[in-house]
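# Topology and contacts: notes
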Amino acid sequence: MTRTDRRDLGLLLLRLGTGGVLAAHGAQKLFGWFGGGGIEGTGQFMESIGYAPGRASATAAGLAEAGGGTLLALGLATPAAGAASAGAMAGAAAVHAPNGFFNQSGGYEYAASLGLTAAGLAVTGPGRYSLDHLLGHSVNRGWMVPAAFAAVGAATALVVGARARRMRGAEEGGQEQPPEGRTEQQPEV
């Protein structure tokens, strides 16, 4: 097996694994599959953590995860797929950041890992074992990488920034917060 074959096989495994996990998370949000809340349940949860309107936020996150994950797994439109997935994970990381880094404490480790892997795939490209390669990379051009990250980065900054402002407003307004040390079971963002 040549070094090129190994690299392409490695990219395929990364795409299938990361894309599959992201697509499953998106399906939880959109359809309620795999124990997810669907649009209604996830929308209520999104609203409770500051992403408003909740239903629209659940739809956007679900589409970014399910769509981006599926496209990553297929190796199709890899720059857009990776950027969309990374943006969704940045939004999830913002929710978990107050809990620190490690996932066992409710931190952002898991979201960061998925987001960085998706971003890395967007930058590196899908490899030869992909639909992008089969289609002559018509939706995987070099200029598409910075364009996709610029568009997703701007949208993510706006959404996460608006959430941060809502959360600060809720804290300043004296709304009741869960007692320290007590967490409720919440669906994965």
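Residues numbered from 1 in each chain as written. Predicted model: local features only at pLDDT ≥ 70, side-chain atom pairs only at ≥ 80, totals over all residues. Heavy atoms only, no water.

## Focus: the overall build of the protein
The cut-off we apply is this: Numbering of helices and strands runs from the N terminus; a helix is a DSSP stretch of H or I covering at least four residues, while a strand is a stretch of E covering at least two. Put simply, the radius of gyration uses C-alpha atoms, and a globule should come to 2.2 Å times the residue count raised to 0.38. Contacts: residue pairs with any heavy atoms within 4.5 Å of one another. Note on areas: Shrake-Rupley with a 1.4 Å probe; residue coverage comes only from the protein chains shown. Positive charge is attributed to Lys and Arg, negative charge to Asp and Glu, and no charge count is given to His or to the chain ends. In this description, the location of a charge corresponds to atom NZ of lysine, CZ of arginine, CG of aspartate or CD of glutamate.
The secondary structure content of the protein amounts to 7 helices and 0 strands. Along the protein, from the amino end to the carboxyl end, the secondary structure elements read α-α-α-α-α-α-α. Taken against the 2.2 N^0.38 rule, which gives 16 Å for 189 residues, the C-alpha radius of gyration of the protein at 17 Å falls within 12% of a compact globule. Counting only contacts in the protein whose residues sit at least 6 apart along the sequence, the fraction spanning at least 24 positions is 66%. Here the protein has roughly 10300 Å² of accessible surface; of this, 61% comes from carbon and sulfur atoms. Where the 13 positive side-chain charges of the protein centre and where its 13 negative ones centre are 11 Å apart.

## Let's talk about the environment of serine 113
Short version of the rule: Remark: exposure states derive from per-residue accessible area (1.4 Å probe, protein chains only) relative to the maximum for the residue type, with buried under 20%, exposed over 50%, and partly exposed in between.
Assignment of secondary structure puts serine 113 in helix 5 (residues 109-124). The class of serine 113 is partly exposed, set by a relative accessible area of 41%. Each C-alpha atom of the pair serine 113 and threonine 18 lies 9.5 Å from the other, and the pair is 95 residues apart in sequence.

## Details of the confidence of the model for the protein
Counted only if it meets this: Values of pLDDT, ranging from 0 to 100, describe the predictor's confidence in every residue of the model.
Per-residue pLDDT for the protein averages 92, and the proportion of residues at 70 or more is 92%. Note on residues 176-186: pLDDT under 50 across the span, and 2 contacts to partners over four residues away in sequence or across chains.

## Description of the packing of aromatic side chains
Here is the rule we go by: By convention, a stacked pair of Phe, Tyr or Trp rings (six-membered ring in the case of Trp) has centres within 6.5 Å and planes under 30 degrees apart, an edge-to-face pair has planes over 60 apart, and any other such pair is tilted. Distance and angle both matter: a charge sits over a ring if NZ of Lys or CZ of Arg is within 6 Å of the ring centre and within 35 degrees of the ring normal.
In total, this model carries 4 aromatic pairs according to the counting rule given. With a centroid separation of 4.8 Å and an interplanar angle of 35°, the aromatic rings of phenylalanine 31 and tryptophan 33 are classed as tilted. Given the relative accessible area of 48%, tryptophan 33 is considered partly exposed. Taken together, a centroid distance of 6.3 Å and an interplanar angle of 90° make the contact between tryptophan 33 and phenylalanine 34 edge-to-face. A relative accessible area of 60% places phenylalanine 34 in the exposed class. Taken together, the ring pairs connect Phe31, Trp33 and Phe34 into an aromatic cluster. Over the aromatic face of tyrosine 51 sits the side chain of arginine 163, whose NZ or CZ is 5.4 Å from the ring centroid.

## Observations regarding a nonpolar patch on the surface
Put simply, the test is: Residues qualify for a patch when their relative accessible area is over 30% and they have no salt bridge, like charges being joined within 9 Å and the nonpolar side chains of Val, Leu, Ile, Met, Phe, Trp and Tyr within 5 Å. We count a salt bridge whenever a side-chain nitrogen from Lys or Arg sits within 4 Å of a carboxyl oxygen from Asp or Glu.
A surface patch of nonpolar side chains, about 440 Å² in accessible area, is lined by Met1, Leu9, Leu13 and Tyr129. Relative to the helices and strands, tyrosine 129 resides in the loop between helix 5 and helix 6 (131-134). Judged by relative accessible area, which is 37%, tyrosine 129 ranks as partly exposed.

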